[in-house]
Amino acid sequence: MLIIEDLNKSYSPKGAKAVDSLSLEVKRGEIYGFLGPNGAGKSTTIKIVAGILKRDSGLVLIDNIDSERFPIEAKKAIAYVPDTPDLPKKLKGIEYVNFIADMHDISKEARKAKTMQYAELFGIEHALSDKIGSYSHGMAQKIVLIAALVTNPRLLILDEPMVGLDPRSSFSLKELMRGMCDEGKSVFFSTHVLDVAEKFCDRIGIINNAKLVASGTMEELREQEQSPSSTLEQIFLELTENHE
């Protein structure tokens, strides 16, 4: 579903690389957790995949679509939820969802049913007609998630999706992510909550100092570290101990 090959990105010609020769694959029907310390290159990688940042070199294929050669087609296959929603505060929540649905050509009948389904699931059906400027951070996160899910993406890209969500909404989101993958779709998400990643992800990638230093199932990560009883937290700390 997502293939990244030899991805490179620098923010200045002479500066250190933000992403350095990174390659990974997110398979169809898979939840892939993308972990790393602050500043390691997670968000840069995610924004390149989402089409927000331009890569210096390398290849990004989304459902076999080259995201640089065919950016519109690639973006139609994905939905992206950032770690900090930056939304138009004068729009109502429902207006924002409809705006995103319009861009993805979602029919009015389909979007209405899905919007109410997800709004009730996240407990904000009462606030859909309120302006986004009145929302708390958690409510803003929920409206972005609803808009993303309404588009029925083949690849859901999430950057720290649990931040700001209450425990019930976090549980509901995890259930939705697993349900999507059971339908053959995929999820690529970053998180600092290692316990969630260990229990929930099919495979995990760890980035450190702009390089991917490990990727695989928990069993494969333990084999790589030659530590059959290690937790993900122990493996993560071992692999990122020299992060600056």
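Keep in mind that what you see is a predicted model, and the values were worked out from it rather than measured.

Student: Honestly, the sheet that holds strand β9 (residues 203–208) in this entry has me stumped. Any pointers?
Tutor: Two strands in a sheet stick together by hydrogen bonds in their backbones, pointing the same way (parallel) or opposite ways (antiparallel). Taken in spatial order, the six strands make up an open sheet running β6-β7-β8-β3-β9-β10, and their pairing is mixed. Edge positions in the open sheet fall to β6 (78–81) and β10 (211–216), since each of these has one partner strand only. Averaged over all pairs of adjacent strands, the angle between their axes in this sheet comes to 15°, without regard to strand direction. Two strands pair when backbone bridges link them, and β9 and β10 are joined in this way by five bridges, in the antiparallel orientation. Each bridged residue has a counterpart across the sheet, and for Ile207 the counterpart in β10 is Leu212. Across the sheet, helix α1 (residues 42–49) is in contact with β3 (31–35), β6, β7 (155–159), β8 (186–190) and β9; its angle to β7 comes to roughly 150°. Of the strands in this sheet, β3, β7 and β8 are in contact with helix α6 (residues 167–182), which crosses β8 at around 140°.

Student: Looking at this structure, how should I read the packing of aromatic side chains?
Tutor: The way to describe two aromatic rings as a pair is by their centre distance and the angle between their planes. Overall, the coordinates contain three aromatic pairs when judged by the stated rule. Between Phe34 and Phe188 the ring centres are 5.2 Å apart and the planes differ by 35°, which places this aromatic pair in the tilted class. Within this pair, whereas Phe34 is found in strand β3, its partner Phe188 is found in strand β8, the two being separated by 154 residues in sequence. Since its relative accessible area comes to 0%, Phe34 is described here as buried.

Rules behind the numbers
- Residues numbered from 1 in each chain as written.
- Predicted model: local features only at pLDDT ≥ 70, side-chain atom pairs only at ≥ 80, totals over all residues.
- Heavy atoms only, no water.
- Pairing = 2+ DSSP bridges.
- Helix = DSSP H or I, 4+ residues; strand = E, 2+ residues; numbered from the N terminus.
- Axes fitted to C-alpha atoms, helices over the stretch in contact; angles between N-to-C directions.
- Contact = heavy atoms within 4.5 Å.
- Phe/Tyr/Trp six-rings, centres within 6.5 Å; stacked < 30°, edge-to-face > 60°.
- Buried < 20%, exposed > 50% of the residue type's maximum accessible area, 1.4 Å probe, protein only.

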